Amino acid sequence: MEIEEKKGRPFLSILKWFIPVFLFCLSVMMVLYTPAFQDSAFKVKSWMNSKPLFEGKSPEALENLALRSSRNIASIESKIEKLKPVKPYIVVNTLENRFSLRNVDGDTVRTGVCSTGKNELLIAGNKRIVFKTPKGIFTVRNKQQNRPWVKPDWAFIEDGLPIPSARAAERIDYSTLGDYAMEIGNGYMIHGTLYQRFLGLPVTHGCVRLGDKDLEVVYNTLSKGSKVYIY
Amino acid sequence: MLVTACLVFVSIVTVIRPVFNRNPFPRTAARNYSEEKKKAGKDEIVNPGEDTVAAPETFSNSKDAQNKLLELKRKENLLRSRLMLATEDSTYLVLDLINNLAILELKGIPLHQCHIIHATISNSIKLYSKEALMGWIAEPFALKNVEATIPKISYIEKIAPKDTLEANKMVTEPKETKLGDVLVVMDFERNLRLVISQNEQPDPDGLSLISEIRTRYNKIEVSKSILALTKFNREPVKPQIEIVIPKSDATILYKALPFNTRIILKL
């Protein structure tokens, strides 16, 4: 009789242990795999607005708020506009080695490849010289055609040459910078290059090199005081 | 039966009940964020502050008025944040999740813009209404911690040659550098976590690095969950936004943003 009773209720005996196991597994899964449903979700609300913003306000009050908000928006937009450059500017991407010349409205008038710093650390005894293009916002300080390059010390160190005196003739190079050069401060320039085949690659000692045609357009578009954005 | 009852009670108290109590606005229905409108804007440099918001007019009803005012306030906050960061000298990121754009800006000028291929927003953000979120996104988020699979700055070390003979032997032809696989995890103030991952399939080495970081963060969350279960109290969860963008864009964004960067969130 006992054996027959047990055989007649297999489903109930399975259900007895299945439900608690299932509930336990469900709880564990919800804890482990859905942290977003945790109690802590409400703790984020310390930064959230704690009460409805416009509750209980009349339509007239809402209109006034909207008007004030619109005026604020217009004021802020004009302040942002004043921060924008008043002359054409250039944006240089050092990772992709590309430049973008833009007009005052922010429209791109010319893009192309360039060469930027090779991110190299030259170790010469105790000296550590870093060759990279600095990032940030710069201003064209000076523009010059056929500018000679006064070689700094690192140009000689890199070639294994002895460093000459400051006024030595070997320091003057008339061909490296190309037809045009624009100083952007701290010894960095936008200039031409003899190595046109390296354009698009990070090969320079920090300056931005452009191809001949691009350089001419950039030189003729930018003026003293134009902004240079490098990232 | 007693064990079952205990398990059910624990599940209700620690998991089920908080789920239903999480909405701070009983009157405001939580909206699914994925239902928001998306605009195209792939090639043009988009000004994230520009929105098509209707000028204030005589509102037909209170709800309509509230919605329009909410949009105006949202735009005002966004512009105020942009102005705040534009007056500084640092690069910052504008994450426009409505237009699916990530824009690198400096002094209000968009330097680089990339289209977000896919964005995943965690539930702790999605389940809150726009009204509730306004306080959270009103100001820029400052970066507190960052971890990535690629170095932020890397230099090739070179020993200066002793003479011209040695200099001539050195390799002068530049090699095109291969971009490493990218996963960036950025923790900001107010508990925001931003994960930037690449769209391209990573190679085996990159995949192991990416998996290692993801596994580590998941383990931290799991251990927190288990600890919460024992204490009936848990640390605040980090609302997470994960964006998938091309590898080159992810690399650019990570390398261009300074260590103390800030981001503006447009939701």
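Predicted, not measured: the structure shown is a model, and the values here were computed from it. (Residues numbered from 1 in each chain as written. Chains lettered and ligands numbered in written order. Predicted model: local features only at pLDDT ≥ 70, side-chain atom pairs only at ≥ 80, totals over all residues.)

**Brief notes about the overall build of chain B**
Link 1 in the chain: Looking only at helices and strands, chain B has seven helices and ten strands in total.
Link 2 in the chain: Looking at chain B as a whole, 34% of its 267 residues qualify as buried.
Link 3 in the chain: Within chain B, contacts between residues at least 6 apart in sequence are counted, and of these 78% link residues at least 24 apart. (Helix = DSSP H or I, 4+ residues; strand = E, 2+ residues; numbered from the N terminus. Buried ≥ 20, exposed ≤ 12 C-beta atoms within 10 Å, placed from the backbone. Contact = placed C-beta atoms within 7 Å.)

**Observations concerning the overall build of chain A**
Link 1 in the chain: Secondary structure summary: chain A contains five helices and 13 strands in total.
Link 2 in the chain: Counting only residues that meet the buried cut, chain A has 29% of its 231 residues in that class.
Link 3 in the chain: Taking the contacts inside chain A whose residues are at least 6 apart along the sequence as the reference set, 58% of them involve residues at least 24 apart.

**Thoughts on unusual backbone geometry**
Residue and element names in this part refer to chain B.
Link 1 in the chain: Positive phi, normally seen in glycine, also occurs at asparagine 100, with a value near 60°.
Link 2 in the chain: Structurally, asparagine 100 is set in the loop between strand S1 (92-96) and strand S2 (101-106).
Link 3 in the chain: By C-beta crowding, asparagine 100 is classed as buried, having 20 other C-beta atoms within 10 Å.
Link 4 in the chain: Phi angles above zero are rare outside glycine, and lysine 107 is one such case at about 55°.

**So, the sheet that holds strand S2 (residues 98-102) of chain A**
Residues and elements named next belong to chain A.
Link 1 in the chain: With respect to topology, nine strands assemble into an open sheet ordered S6-S13-S1-S2-S3-S12-S11-S10-S7, the strand pairing being mixed. Every other strand in the sheet has two partners, leaving strand S6 (136-139) and strand S7 (142-145) as the edge strands with one partner each. Put simply, the sheet's adjacent strands are angled 25° from each other on average, direction ignored.
Link 2 in the chain: Along the sheet face, helix H5 (residues 212-221) touches strand S1 (89-93), S2, strand S3 (108-115), S7, strand S10 (180-185), strand S11 (188-191) and strand S12 (208-210) and points at about 60° away from the line of S10. (Pairing = 2+ DSSP bridges. Axes fitted to C-alpha atoms, helices over the stretch in contact; angles between N-to-C directions.)

**A look at the sheet that holds strand S10 (residues 262-266) of chain B**
Residues and elements named next belong to chain B.
Link 1 in the chain: Taken in spatial order, the nine strands of this open sheet run S3-S2-S1-S10-S5-S7-S8-S9-S4, and their pairing is mixed. Each of the sheet's edge strands pairs with one partner strand only, and the pair in question is strand S3 (109-115) and strand S4 (118-121). Along the sheet, successive strands turn relative to each other by an average axial angle of 25°, direction set aside.
Link 2 in the chain: With two bridges joining them, strand S5 (residues 141-148) and S10 adopt antiparallel strand pairing.

**What to know about the packing of helix H2 (residues 62-86) of chain B against helix H4 (residues 130-137) of chain B**
Residues and elements named next belong to chain B.
Link 1 in the chain: Relative orientation of the contacting elements H2 and H4 amounts to 15°, with a least axis distance of 11 Å. In terms of their interaxial angle, H2 and H4 are classed as roughly parallel. The way H2 lies across H4 gives a crossing that is left-handed. Between H2 and H4, the contacting residues are Leu70, Lys73, Arg74 and Asn77 on the first element and Lys130, Glu131 and Met134 on the second.
Link 2 in the chain: A breakdown of the residues in the contact of H2 with H4 according to their chemical character gives two nonpolar, one polar and four charged. (Parallel < 35°, antiparallel > 145°, perpendicular 65-115°, else oblique. Left-handed = near helix turned anticlockwise from the far one by under 90°. Nonpolar A, V, L, I, M, F, W, Y, C, P; charged D, E, K, R; others polar.)

**What to know about the environment of A:Asn119**
Link 1 in the chain: Among the secondary structure elements, A:Asn119 is positioned in the loop between S3 and strand S4 (120-124).
Link 2 in the chain: In this structure A:Asn119 touches A:Lys132, A:Pro202, B:Ser154, B:Tyr155 and B:Ile156, once residues within four positions along its chain are discounted.

**Details of the packing of helix H3 (residues 59-83) of chain A against H2(B)**
For any two helices packed against each other, the geometry comes down to the angle between their axes and how far apart the axes lie.
Link 1 in the chain: Between H3(A) and H2(B), the least distance of the axes is 9 Å, while the angle of their chain directions is 25°. The angle between H3(A) and H2(B) places the two elements in the roughly parallel class. H3(A) and H2(B) meet at a crossing whose hand is left-handed.
Link 2 in the chain: For the contact of H3(A) with H2(B), the residue count by class is 14 nonpolar, five polar and eight charged.

**Here we look at the confidence of the model for chain A**
Any segment with low pLDDT has predicted coordinates that should not be analysed in fine detail.
Link 1 in the chain: Within chain A, residue pLDDT values average 85, and 84% of them lie at 70 or more.
Link 2 in the chain: Every residue in residues 35-46 of chain A is under pLDDT 50, and counting partners more than four places away or in other chains gives 36 contacts. (pLDDT = per-residue confidence, 0-100.)

**Details of the pairing of S1(A)**
Each regular strand carries side chains that alternate between the two faces of the sheet.
Residues and elements named next belong to chain A.
Link 1 in the chain: Most of S1 sits out of view: five of its five residues are buried.
Link 2 in the chain: Side chains Tyr89, Val91 and Asn93 project from S1 onto one buried face, and the interleaved Ile90 and Val92 project onto a second face that is buried too.
Link 3 in the chain: Two elements, S1 and S2, share five bridges in a ladder whose sense is antiparallel. Residue valine 91 lies in a different strand from S2, and its bridge partner there is serine 100.
Link 4 in the chain: Linkage of S1 to S2, two consecutive antiparallel strands, is achieved through a turn of four residues, within which asparagine 97 is found at a positive phi near 55°.
Link 5 in the chain: Sheet topology note: the S1/strand S13 (residues 227-230) ladder contains three bridges and is parallel. Its bridge partner being in S13, valine 91 is matched across the sheet by tyrosine 229.

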